[in-house]
Amino acid sequence: MENQFADMERYRLGSLPDPAPLAAAYIPMQDSVNPNYTPPEALSRGTLFPGLDLPFMNVVNPDLEQTPMTELMAIGFVVDELELYLDTHAEDREAFELYQTMLAVKKEAMERYARRCAPLLQTDQLGMERYAWLDSPWPWEYRNKREG
């Protein structure tokens, strides 16, 4: 009996018996690419797919402040989510077409950001008259630039 209490104490401290399984995770499989969140909602919710939106302890992230960088982050997140979806649903033509559309949107948004704000990639500086990598505001400086 004394040994049983010693084992219970070990569980409270985090150690497990030798052949103990760690966990069995379950992630629901979405059936289709639709319906889906908008890019800003997807970034805030942590998923493109409402069916997979299972907030931890029912806490939802607040909407992010809309800046040129959060727009890029949201579009990139949607592209990544669609790519993960296509890993398990490669024959979903509608999803692939949406993926192609979002890749084009991402490319155009990155080019627009590089023209208006700052280079994102080293290749964005090709043909520039001077080194401009440090000219743009850093993400935490956007608010200060607008207020000033």
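Everything here concerns the structure above.
Residues numbered from 1 in each chain as written. Predicted model: local features only at pLDDT ≥ 70, side-chain atom pairs only at ≥ 80, totals over all residues. Heavy atoms only, no water.

Caption draft 1: View of the packing of aromatic side chains. In the structure shown here, the tally under the stated rule is 2 aromatic pairs. Pairing Phe49 with Tyr85 gives two aromatic rings, centres 5.4 Å apart and planes at 35°, and the pair type is tilted. Taken together, the residues span a long stretch of sequence, with Phe49 in the loop between α2 (39–45) and α3 (68–88) and Tyr85 in helix α3 at a distance of 36 residues. The exposure class assigned to Phe49 is buried, which follows from its relative accessible area of 3%. (Phe/Tyr/Trp six-rings, centres within 6.5 Å; stacked < 30°, edge-to-face > 60°. Helix = DSSP H or I, 4+ residues; strand = E, 2+ residues; numbered from the N terminus. Buried < 20%, exposed > 50% of the residue type's maximum accessible area, 1.4 Å probe, protein only.)

Caption draft 2: Focus on the pattern of salt bridges. Considering all chains together, one arrives at 5 salt bridges under this definition. For Arg112, the salt bridge identified is with Glu71, shortest N-O distance 2.8 Å. With Arg112 in helix α4 (residues 93–116) and Glu71 in helix α3, the pair connects residues that are 41 residues apart, well separated along the chain. Under the relative-accessibility criterion, Arg112 is labelled buried at 17%. For the salt bridge of Arg93 with Glu97, the shortest nitrogen-to-oxygen distance reads 3.9 Å. (Salt bridge = Lys/Arg side-chain N within 4 Å of Asp/Glu carboxyl O.)

Caption draft 3: Examining the side chain of Asp53 more closely. Along the chain, Asp53 falls in the loop between α2 and α3. A relative accessible area of 12% means that Asp53 is categorised as buried. Within the local environment of Asp53, its side chain forms a polar contact with the side chain of Tyr37, the two groups lying 2.7 Å apart. Residues within four places of Asp53 in sequence aside, it is in contact with Tyr37, Arg45 and Thr47. (Polar contact = N/O pair within 3.5 Å; in protein donor to acceptor, adjacent residues only side chain to side chain. Contact = heavy atoms within 4.5 Å.)

Caption draft 4: Local environment of α4. Over its 24 residues, α4 runs 34 Å from end to end, which matches the ideal 34 Å to within 8%, given 1.5 Å per residue. Of all the positions in α4, only Ala95, Tyr99, Met102, Ala109, Arg112 and Tyr113 are classed as buried. Capping the start of α4 is the job of one residue whose side-chain oxygen sits 3.2 Å from the backbone nitrogen of Glu94: Asp92. (Expected span 1.5 Å × (residues − 1).)

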